[in-house]
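Topology and contacts: notes
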Amino acid sequence: MSAFSKRHIGPSQDEKSAMLAEIGVNSIDELMELTVPKDIRLKNELNIDTALTEKQYLDHIGDLAVKNKVFKSYIGLGYSETNVPPVIQRNVLENPGWYTAYTPYQAEIAQGRLEALLNFQTMIIDLTGLEIANASLLDESTAAAEAMIMFYNARARADVKAGKNKFFVSEFAYPQTIDVIKGRAKHLGIELIFGDPTNFDLTDDKIFGALVQYPDVYGRVKDLRGFVEKLSKNDVKVAVAADIMSLVLLEAPGKMGVDVVCGSTQRFGVPMGYGGPHAAYFATREEYKRHIPGRIIGVSKDADGNVAYRMALQTREQHIKRDRATSNICTAQALLAVMAGMYAVYHGPNGLRAIAQNIHNQTATIHKSIEKAGYKILHNDYFDTIWVETPAGLTCEKLKTIAEEHHINLRYVNENQFTISVGERTNDAEVKGLVAVLELAANVKSTEVEFTTSLVNQDLARKTEILTHEVFNTYHSETKMMRYMKWLENKDLSLVHSMIALGSCTMKLNAAAQLMPITWPEFSNIHPFAPVNQAAGYHEMLRQLEKDLCEITGFHAMSMQPNSGAQGEYAGLMVIKAYHESNGEGDRNICLIPSSAHGTNPASAVMAGFKVVVTKCDDAGNIDIEDLRKNAEKYSEKLGAVMITYPSTHGVFEAGIKEITQIIHDHGGQVYMDGANMNAQVGLTNPGNIGADVCHLNLHKTFAIPHGGGGPGMGPIGVAKHLAPFIPGNALVENVGGEKAIHGISAAPYGSALILLISYGYIKMLGTKGLKHATEMAIVNANYIKARLKKHYPILYSGENNTVAHEMILDCREFKRSANVEVADIAKRLIDYGFHSPTVSFPVAGTLMVEPTESEDKAELDRFCEAMINIRKEIQFIEEGKADQESNLLKNAPHTAECMINQDWKYDYTPKEAAYPLDYLVRNKFWVPVRRVDDAYGDRNLMCSCPAISSYDIEEEEALA
């Protein structure tokens, strides 16, 4: 094994031997023979380069970095140069306490990031002037598409009956947003209308919604009030895609009567990163709280009546609503939303106003200066972007040549028009440099630049205060800011504390060497629509990563564009749709989905225009092949696809998988494989070998991108040769996607390109042998936990040879009858032992799905097993009547330090039994900040902005309620 493999894979050689003995096998090879069906095993080793050491990899990636050219960017289109405050870069972006946390499903051990996300929501509510905001979406273009879909799904019954299905899109919206919206509308029965909002006839009674850009693609700031009023009279809902920085100076669109404001928070302290990751925002009226996509963080209370935060309205989560879900989005951009929110906390309202005003002043200075050189400015009301016409005799082609010689990128509209967009990083010297280059191109004598102070149009200027909450007015020194972020971090349990054994979520080590390059300016400061020749290092990395992922999956081609796993699902299904249409079989619209499938699967299928037919699973948890065959025959003429997860969601390598894929192909369908469980496949088998036609890869699972508390993620898709022509393109970058590319799936051509570096590093440093051994050890670790726990908990499903894949399911359903213990009680009690719970009640209600990953060593696995065994003893005490069924260690968990020392101890067990049930906790105790959070109270009293620190009284609020 390589040096990196030894660091990435947890167990030592002696530990492996001991674990194999506990499992009851003599070797890893023997376990693999028992676990992975012989007919799908790879016959050859992966053709991946020899593993690099960390030093070799960092040298290599440094060589790629210098091939990128970081020009001064004035391109705009929703991406701006920004300053990442070092205190945030160092203490959030580069801090594993923040980036290795999981989505906050266990609210009690996620209070820090929940508060940070609540700050983000409060910031968005303030700046947009609307009542409710979610905790981020994937990017601006997909957020705008989500607004369209939300309006469509929220239509009144009478409107649905009347066929109200038209959506107006301003022709001055960003081109990448228009492209994504076209793709989203295609299979949903939505008819798009494009035009100029100022003069388009919008009296058509079939229009249900509209989208405008603010400021628009040319930087124009236009009064939206007349437009909104006209549409509102016809009950047409309006969404505004707005530049978040502009809203510091411009009046909130929510004050103008709009229904949704969405956009990107990239320019709030998050680097461009050649397209991402960035947190999109989405704000709307409270009436849409049951329709809003994504996640909302809400204020509730804990068991002791203290303020506590949680994900609100959780019944909307996709694994519950499935094909009726409001969205398939299960990955937000939590880490980036935290960064953007912290940017607002650090700068405060005055700091943000100073930044926004400086941007506007520099834009006005450029305007005044280049007018003297003969350039014509085509509008006067702007924030940061001016639309310019060249002087006579100067073409944009000639200007581009001169500008690029001076390392400057502008956006060229046509032969003689271009735009200039100013970002926060622009300094006075660069303003002078830009003016000098434009004077040179116009062949006029250079003049002294006179810096000006300018006000935005006062009719449209903000009249309301922003960011009045004390959190935005307190932490403006670096000392205070550092301590605030550390205080929040200490409330959260992450991989820095203990293993997170979440089945289907693969919380593996995110190695420091893989993450280091993402903060290098050669990668982080490139605009996604910069000329491709300026990103040669990126493209060399992309080509190699695509090649390696094709080798790993057995596919012909890859699209790196989808920037979440759920978005990868959607992309793969849209490619299948396009393939059927190209064959004249557009009516193939039935998608078979086994009952055990991931909850996002049905939602993605519906978004792609499929009708979902659920097929059965047998008593062993496998796909019921005969039921699948029956449905494939029944819908043969209209069968479009099947969505399967392999190994199954139940953690088993199903022996009949090739028969399943053959059945679908025999009836003209395509096989979509969910890539959530690729960590059990890499180097042993692959989707192409099994017979899949398309598969998405959760790079934030198998390929080590950190979860970041609920994002970023990446979900690229691999496709067979016949599907390669249809992989998604991009509206602004050529040679992206296939020859018959579908519309863009996300805003940027390569999604969140910056974090692809992490997976690239993972593959480069593991190499062929390391990748395979990582898979083997994930399977060893899962079977070791099974061997240790099977005497204490029923194991719900096993393979034909009584082994499991990389994850396993503990059946806890009997405890409800025997001790009145719910699986949620076990999850909360694990917090007292210093562990995040395994996946609760998925895919089977009342169970825990455990996935240890290859990164955890035997000592950590044993610690987890000891905790689970001791909890089983605590359940037994209840079963035997030694503990009360209503008040016991599990029902009252988790236990805070406050309940130990500040209240009369009212329980039948000791504080030591509550807080230190096992010896290891004495030296390694994670103190949970709140008691069990009251979900029902939070849903009944939805509050999704920060409560006043000094005035909020949860007891008083409850009394009033």
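I will try to describe carefully the structure that is included in this document. (Residues numbered from 1 in each chain as written. Predicted model: local features only at pLDDT ≥ 70, side-chain atom pairs only at ≥ 80, totals over all residues. Heavy atoms only, no water.)

Core analysis: the largest hydrophobic core is formed by 285 residues, its most contacted members being Tyr375 and Ile420. Looking at this core element by element, the count peaks at 20 residues for helix H25 (residues 753–789). The contact partners of Ile420, leaving out residues within four places of it in the chain, are Tyr74, Ile366, Ile370, Asp384, Thr385, Ile386, Val388, Leu410, Leu434 and Leu438. By size, the runner-up hydrophobic cluster in this structure holds 28 residues, among which are Phe610, Val719, Ala724 and Ile745. (Core = buried A, V, L, I, M, F, W, Y, C linked by side-chain atoms within 4.5 Å. Buried < 20%, exposed > 50% of the residue type's maximum accessible area, 1.4 Å probe, protein only. Helix = DSSP H or I, 4+ residues; strand = E, 2+ residues; numbered from the N terminus. Contact = heavy atoms within 4.5 Å.)

So, about the packing of aromatic side chains. Evaluation of the coordinates by the stated rule reveals 26 aromatic pairs. Both rings, one in Tyr79 and one in Phe529, keep their centres 5.8 Å apart while their planes meet at 90°; by these two values the pair is edge-to-face. Placement of Tyr79 in the loop between strand E1 (72–73) and helix H5 (86–93) and of Phe529 in the loop between helix H18 (521–524) and helix H19 (536–553) is noted, with a sequence separation of 450 residues between them. Each member of the pair Tyr79 and Phe529 is classed as buried. (Phe/Tyr/Trp six-rings, centres within 6.5 Å; stacked < 30°, edge-to-face > 60°.)

Moving on to the pattern of salt bridges. A side chain of one charge can pair with a side chain of the opposite charge when the charged atoms of the two come close. Going through the model one piece at a time under the given rule, you end up with 44 salt bridges. Here Lys289 ties to Glu286 by a salt bridge, and the two come within 3.9 Å at their closest N and O atoms. What makes Lys289 partly exposed here is its relative accessible area of 25%. Under the relative-accessibility criterion, Glu286 is labelled partly exposed at 37%. A salt bridge links Lys882 to Glu880; its shortest N-O distance comes to 3.1 Å. Taking relative accessible area as the criterion, Glu880 reaches 42% and is therefore assigned partly exposed. One connected set of salt bridges, linked through shared partners, spans Asp49, Asp548 and Lys764. (Salt bridge = Lys/Arg side-chain N within 4 Å of Asp/Glu carboxyl O.)

Most of strand E20 (residues 670–674) is tucked away, with five of its five residues classed as buried. With five bridges joining them, strand E19 (residues 639–645) and E20 adopt parallel strand pairing. Note on E20: the bridge partner recorded for Met643 is Tyr672. The pairing of E20 with strand E21 (residues 694–696) spans two bridges and is parallel. Pairing of Tyr672 across the sheet is with Val694, part of E21. (Pairing = 2+ DSSP bridges.)

One open sheet accounts for seven strands, arranged E2-E8-E7-E6-E5-E3-E4; its pairing is mixed. Across the chains shown, the open sheet's two edge strands, defined by having one partner strand only, are strand E2 (132–133) and strand E4 (191–195). Helix H8 (residues 140–153) contacts strand E3 (166–170), E4, strand E5 (207–214), strand E6 (237–242), strand E7 (260–264) and strand E8 (280–284) of the sheet and is inclined by roughly 25° relative to E8. The sheet contacts of helix H10 (residues 175–186) involve E3, E4 and E5, and relative to E4 the element is tilted by about 155°. (Axes fitted to C-alpha atoms, helices over the stretch in contact; angles between N-to-C directions.)

Here we come to unusual backbone geometry. Along the chain, Tyr646 connects to Pro647 via a cis peptide bond; the corresponding omega equals -10°. Within the fold, Pro647 resides in the loop between E19 and helix H23 (657–666). Look at the link from Gly711 to Pro712: it is a cis peptide, with omega at 25°. Note on placement: Pro712 falls in the loop between E21 and strand E22 (717–719). Its identity is not glycine, yet Asn443 carries a phi of approximately 60°, on the positive side. Turning to its location among the elements, Asn443 is positioned in the loop between helix H15 (428–442) and helix H16 (478–489). Residue classification places Asn443 among the exposed residues on the basis of a relative accessible area of 71%. Here Asn735, not a glycine, exhibits a phi torsion of approximately 60°, which is positive. On the secondary structure map, Asn735 appears in the loop between E22 and H25.

Further remarks concern helix H14 (residues 396–405). Where H14 is concerned, the buried positions are Cys396, Leu399, Ile402, Ala403 and Glu404. Tucked into the core, H14 has its buried residues touching strand E13 (408–409), strand E14 (411–412), strand E15 (417–421) and H15. Where H14 ends, the next residue or the one after it, His407, has phi of about 60°, a positive value.

With that settled, the discussion passes to the side chain of Asp159. With respect to the secondary-structure elements, Asp159 resides in helix H9 (residues 157–161). Leaving out residues up to four positions away in the same chain, Asp159 has contacts with Lys164 and Asp235.

This part is about the sheet that holds E21. Within the open sheet, the seven strands sit side by side as E16-E22-E21-E20-E19-E17-E18. Their pairing is mixed. The open sheet has two edge strands with one neighbour each: strand E16 (557–559) and strand E18 (611–615). Within the sheet, the average angular offset between the axes of one strand and its neighbour, ignoring direction, is 25°. Inspection of the sheet shows strand E17 (residues 590–594) paired to E18 by five bridges, in the parallel sense. Bridged to Leu592 within E18 is Val613.

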